[in-house]
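If you want the building blocks of each chain, they are given just below.
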Amino acid sequence: MVYLMIKELSPSADEVIIVTSSLMKDMNSRTDMYRANAIRVLCRITDGTLLTQIERYLKQAIVDKNPVVASAALVSGIHLLQTNPEIVKRWSNEVQEAIQSRAALIQFHALALLHQIRQNDRLAVSKLVTSLTRGTVRSPLAQCLLIRYTSQVIREATMSNQTGDRPFYDYLEGCLRHKAEMVIFEAARAITELSGVTSRELTPAITVLQLFLSSSKPVLRFAAVRTLNKVAMTHPLAVTNCNIDMESLISDQNRSIATLAITTLLKTGNESSVDRLMKQITNFMSDIADEFKIVVVEAIRSLCLKFPLKYRSLMNFLSNILREEGGFEYKKAIVDSIVILIRDIPDAKESGLLHLCEFIEDCEFTYLSTQILHFIGNEGPKTSDPSKYIRYIYNRVILENATVRASAVSTLAKFGALVDSLKPRIFVLLKRCLFDSDDEVRDRATLYLNTLGGDGAVVETDDEVKEFLFGSLGVPLSNLETSLKNYEPSEEAFDIFSVPKEVKSQPLAEKKASGKKPTGLGAPPVGPTSIVDSYERLLSSIPEFASYGKLFKSSAPVELTEAETEYAVNVVKHIFDSHLVFRYNCTNTIPGQLLENVSVIVDPSEAEEFSEIASKPLKSLPYDTPGQTFVAFEKPEGVPAVGKFSNTLSFIVKEVDPTTGEAEDDGVEDEYQLEDLEVVAADYMLKLGVSNFRNAWESLGPDCERVDEYGLGPRESLTEAVNAVINLLGMQPCEGTEVVPSNSRSHTCLLSGVYIGSVKVLVRLSFGLDGAKEVAMKLAVRSEDISVSDAIHEVIASG
């Protein structure tokens, strides 16, 4: 414990001479554990001067008979190489001797250190690899390292020598027969990653990976199928022999293994195996999360482009899974795949468009519905029978929300403008839209009727207007969306001609879905976990706050001073169930001054429900060195108490002698006024996304539901109103519903979060904007506690 404490405190060698002296004494102790720990700690706190004094002991420790002592010295050498490389490089002979040790860990650490010593000398690394590949390395860990260094030498030799020779390839192939599984896999992976590797060179590596596919160890199965998945991107024929083994992995309990097996089979399968694979995947899809399903959908898309004659079975499969339950990203991936297949396979156009028409009848995502309608408007008029799509489009005008209705009106008008036989019918349907309840729908219908003319023919209007309304946009909509998001407002107007015109298809390689975690209503909050954990560790280590329980939420830093002022202060609000801790981060920006006894005097006169119970001042705040001071308040348990706090920075200022760096003995008490700080309702809500809002909403049920309507007063736009409510509640927007279509007069926004006390909350917001720009809102809240649903309504009513 003493060694660990010294190591964590990391005092410098010239500050604590008694510590370094004690550690140097322990380096010669008769107890091996003392010697090993003393070496590790001393090397952590030492400087160049002390290192020269203990260098002799370290060199002796490297060749010590005890493996713990030797490994401690070697690991210390790896760390010291970053700060004192000249000294460590003199240990090469001892490190070389340590590589011959029979202890596995010593060989591993010695090889790592020797390679780092020589890593900037390509010839020296090559000689090291040459000498060690002759069989002197016994440790499996060291052997894995050596394989990686060998691969590096092969890559560098290939870059400088174009003859095709591969030095050391025989060594890698020989490692495939090693008794340790980790060495076999490392060698197989190294061979598959060689640049320009031939089928003959791949064969032995593929053979051992195929054996791992039937291993009883999940980690070996996963490693093998992941490596084969990568090989299938460049050498699909080489992996074909493994297909039978991979088909058995489709039912593997580990869903990551099953997903990789499926996507590999889709890359390596032939045209005759497509139907069989589709049957297996159908059963498989219901058992995995959306993130894995997206990977499978993208692999199916690539398979369809590879075998276009199989588009019917693959399109039917995509259509079937499109009707199943799933989140926005999953459904969007399916729709994108169908769109790409329609564009790239002419025969798939009509069936694909019908599948999309059928999907929008049940589509719960406004964004997807509008995108599909836009695509149908571009492609539908070019088909042999455009009239069969009109029924689906007009149903959207009758049954959908205002945003989708407006998009459907534009799609109908495009059919009327581009298909002569449909113009009279479209004209009648557009006249019905003049009685719609939404201004946007009526305005679009009026515009298109005036443009088409009374008999359904396009009247003589400005050519640019007709081209804008009914012509091709000229750029992919996704590219335009990306360019608009990246556009920064400036004096130079946005130029549509700067948008790329090429269609960017999704890459055929899989995304690393195995690294993602499904985010459901019961999933842990998404966020920078390491920061949250560090805050919790910091507060629990302070005795005054250790008894407050689990930290619920920490806010982003709030600036309490202007930029370029004498003192920079920001504050982080740490929310507990019945306590609130303000952590003030202070920086002294005045050279030649030292601040002592620094604290923040907090006045809660406008926050009556809070009472101050503890504070922790900062003893010293030197120039340009951040420090922290804390103030804690007690509040009613589980209640979203709000209020405003005034803050004053209090300290003693002392002048510092610039020559000696010493501060004067006498100081002057001073104060510095800071900005006020508010605790708002959003501080008691933790943002939490859900993958499928509809399922999450139904799972909570109507028992704890509260619904009411509110007038939000005059607003410039619905976007302003939506953003204001989101900021007021502090919840996570779901499925892209925070984005309001331009000129929209109504909108629905979905929010989710966790309320203080770990209560899950879901919110449906329905906005409407009238002619006088007055915004009305319907608020529906479901949660696990009826009192929380009421509290959300109180926040809106008082906000």
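Everything numeric in this text was worked out from a predicted model, so none of it was measured. (Residues numbered from 1 in each chain as written. Predicted model: local features only at pLDDT ≥ 70, side-chain atom pairs only at ≥ 80, totals over all residues. Heavy atoms only, no water.)

### Considering the environment of D336
Here comes step 1: Its place among the elements puts D336 in helix 21 (residues 328-344).
Here comes step 2: Separated by 35 residues in sequence, D336 and R301 have C-alpha atoms that sit 9.4 Å apart. (Helix = DSSP H or I, 4+ residues; strand = E, 2+ residues; numbered from the N terminus.)

### Let's talk about helix 33 (residues 786-798)
Here comes step 1: With 13 residues, helix 33 should cover 18 Å at 1.5 Å per step; its first-to-last C-alpha distance of 19 Å lies within 8% of that length.
Here comes step 2: Where helix 33 is concerned, the buried positions are V788, S789, A791, I792, H793, V795 and I796.
Here comes step 3: Lining the buried residues of helix 33 we find strand 12 (685-687), strand 13 (705-714), helix 32 (718-729), strand 15 (746-755), strand 16 (759-769) and strand 17 (774-783). (Expected span 1.5 Å × (residues − 1). Buried < 20%, exposed > 50% of the residue type's maximum accessible area, 1.4 Å probe, protein only. Contact = heavy atoms within 4.5 Å.)

### Looking at a nonpolar patch on the surface
Here comes step 1: A surface patch of nonpolar side chains, amounting to about 290 Å² of accessible area, comprises M33, Y34 and V68.
Here comes step 2: Topologically, Y34 is positioned in helix 3 (residues 32-45). (Patch = residues over 30% accessible without salt bridge, like charges linked within 9 Å, V, L, I, M, F, W, Y side chains within 5 Å. Areas by Shrake-Rupley, 256 points an atom, 1.4 Å probe, with all protein chains shown as cover. Salt bridge = Lys/Arg side-chain N within 4 Å of Asp/Glu carboxyl O.)

### Describing the environment of E698
Here comes step 1: Along the polypeptide, E698 turns up in helix 31 (residues 693-700).
Here comes step 2: Look at E698 and you get exposed, because its relative accessible area is 54%.
Here comes step 3: Each C-alpha atom, one on E698 and one on R782, is 9.4 Å from the other, the two residues being 84 residues apart in sequence.

### Quick look at the packing of aromatic side chains
Here comes step 1: Under the definition given, this model contains 13 aromatic pairs.
Here comes step 2: Consider the rings of F582 and F645, whose centres lie 5.1 Å apart with planes at 80 degrees: the pair is edge-to-face. You can see F582 sitting in strand 4 (residues 579-588) and its partner F645 sitting in strand 9 (residues 643-655), a full 63 residues away along the chain.
Here comes step 3: Exposure remark for F645: the relative accessible area of 0% places this residue in the buried category.
Here comes step 4: Between the aromatic rings of F693 and W697, the centroid separation amounts to 5.9 Å while the plane-to-plane angle is 25 degrees, which identifies the pairing as stacked. Residue F693 and its partner W697 are located together in helix 31, separated by four residues, close to a single helical turn.
Here comes step 5: In this structure F693 comes out as buried when scored by relative accessible area, which is 1%.
Here comes step 6: Given the relative accessible area of 5%, W697 is considered buried. (Phe/Tyr/Trp six-rings, centres within 6.5 Å; stacked < 30°, edge-to-face > 60°.)

### Considering the confidence of the model for the chain
Here comes step 1: Chain-level statistics for the chain give a pLDDT mean of 82 and a share of 89% at 70 or above.
Here comes step 2: In this model residues 503-530 is a low-confidence stretch, pLDDT under 50, and it forms 52 contacts with partners more than four residues away in sequence or in other chains. (pLDDT = per-residue confidence, 0-100.)

### Digging into helix 32
Here comes step 1: Compared with the 16 Å implied by 1.5 Å per residue over twelve residues, the 17 Å span of helix 32 between its first and last C-alpha is a close match.
Here comes step 2: Turning to helix 32, its buried residues number three or more, namely L718, A721, V722, V725, I726 and L729. Seen along its axis, helix 32 keeps its buried residues to an arc of 130 degrees; they face one direction.
Here comes step 3: With its phi angle positive at about 70 degrees, G730 sits one or two positions after the end of helix 32. (Arc of directions from axis to C-beta.)

### With respect to the nonpolar core
Here comes step 1: Counting 168 residues, the largest nonpolar core has L58, L111, L266, M285, L318, L412 and L430 as the members making the most contacts within it.
Here comes step 2: Broken down by element, this core gets its largest block of residues, nine residues, from helix 21.
Here comes step 3: Beyond its immediate stretch of four places on either side in the chain, M285 contacts K293, V296, F317, I321 and Y330. (Core = buried A, V, L, I, M, F, W, Y, C linked by side-chain atoms within 4.5 Å.)

### So, the packing of helix 17 (residues 255-268) against helix 19 (residues 290-306)
Here comes step 1: The N-to-C vectors of helix 17 and helix 19 enclose an angle of 10 degrees; their axes lie 9 Å apart at closest approach. What the angle tells us is that helix 17 and helix 19 run roughly parallel. On the side of helix 17, the interface is formed by S256, T259, I262, T263, L266 and K267, while helix 19 contributes F292, V295, V296, A299, I300, L303 and K306.
Here comes step 2: In terms of residue class, the contact of helix 17 with helix 19 is made up of eight nonpolar, three polar and two charged. (Axes fitted to C-alpha atoms, helices over the stretch in contact; angles between N-to-C directions. Parallel < 35°, antiparallel > 145°, perpendicular 65-115°, else oblique. Nonpolar A, V, L, I, M, F, W, Y, C, P; charged D, E, K, R; others polar.)

### Comments concerning empty space enclosed by the protein
Here comes step 1: Per the stated rule, a full pass over the model turns up two cavities of 30 Å³ or more.
Here comes step 2: Taken as a whole, the largest cavity holds about 50 Å³ of empty space.
Here comes step 3: Every residue lining the largest cavity is listed: P640, A681, A682, M685, L728, L729, Y755, I792 and V795.
Here comes step 4: Of all the secondary structure elements, the ones that give two or more residues to the lining of the largest cavity are helix 32 and helix 33.
Here comes step 5: The residue inventory of the lining of the largest cavity, partitioned by class, reads nine nonpolar, no polar and no charged. (1 Å grid on protein atoms, 1.4 Å probe; cavity = no way out; pocket = protein on both sides within 12 Å on 5 of 7 lines; lining within 4 Å. Points joined across faces, edges and corners; volume = space filled by probe spheres on them.)

### Observations regarding the packing of helix 23 (residues 366-379) against helix 25 (residues 402-418)
Here comes step 1: Across the interface, helix 23 lies against helix 25 with an axial gap of 9 Å and an inter-helix angle of 5 degrees. When the interaxial angle is binned, helix 23 and helix 25 end up roughly parallel. Here T366, S369, T370, L373, H374, I376, G377 and N378 of helix 23 come into contact with helix 25, specifically with T403, V404, S407, A408, T411, K414 and F415.
Here comes step 2: Here the residues of the contact of helix 23 with helix 25 sort into five nonpolar, nine polar and one charged.

### Some thoughts on the pairing of strand 17
Here comes step 1: The buried fraction of strand 17 amounts to seven of the ten residues, a majority that puts the element mostly inside the structure.
Here comes step 2: Where strand 16 and strand 17 come together, nine bridges link them in antiparallel fashion. Note on strand 17: the bridge partner recorded for S766 is K778.
Here comes step 3: The antiparallel hairpin formed by strand 16 and strand 17 contains four residues in its connecting segment, where K773 sits at a positive phi of about 65 degrees. (Pairing = 2+ DSSP bridges.)

### Section: the pattern of salt bridges
Here comes step 1: Within the structure shown, the criterion is met by 23 salt bridges.
Here comes step 2: D32 is the partner of R35 in a salt bridge, and the nearest nitrogen-oxygen pair spans 2.8 Å. Highlighted residues: R35 and D32, both in helix 3, separated by three residues, approximately one helical turn.
Here comes step 3: On the basis of relative accessible area, R35 is assigned to the buried category, the value being 15%.
Here comes step 4: Since its relative accessible area comes to 27%, D32 is described here as partly exposed.
Here comes step 5: Salt-bridge contacts for E400 lead to R396; the nearest nitrogen and oxygen are separated by 2.8 Å.
Here comes step 6: Among the charged side chains, a network of salt bridges with common partners joins D32, R35 and D64.

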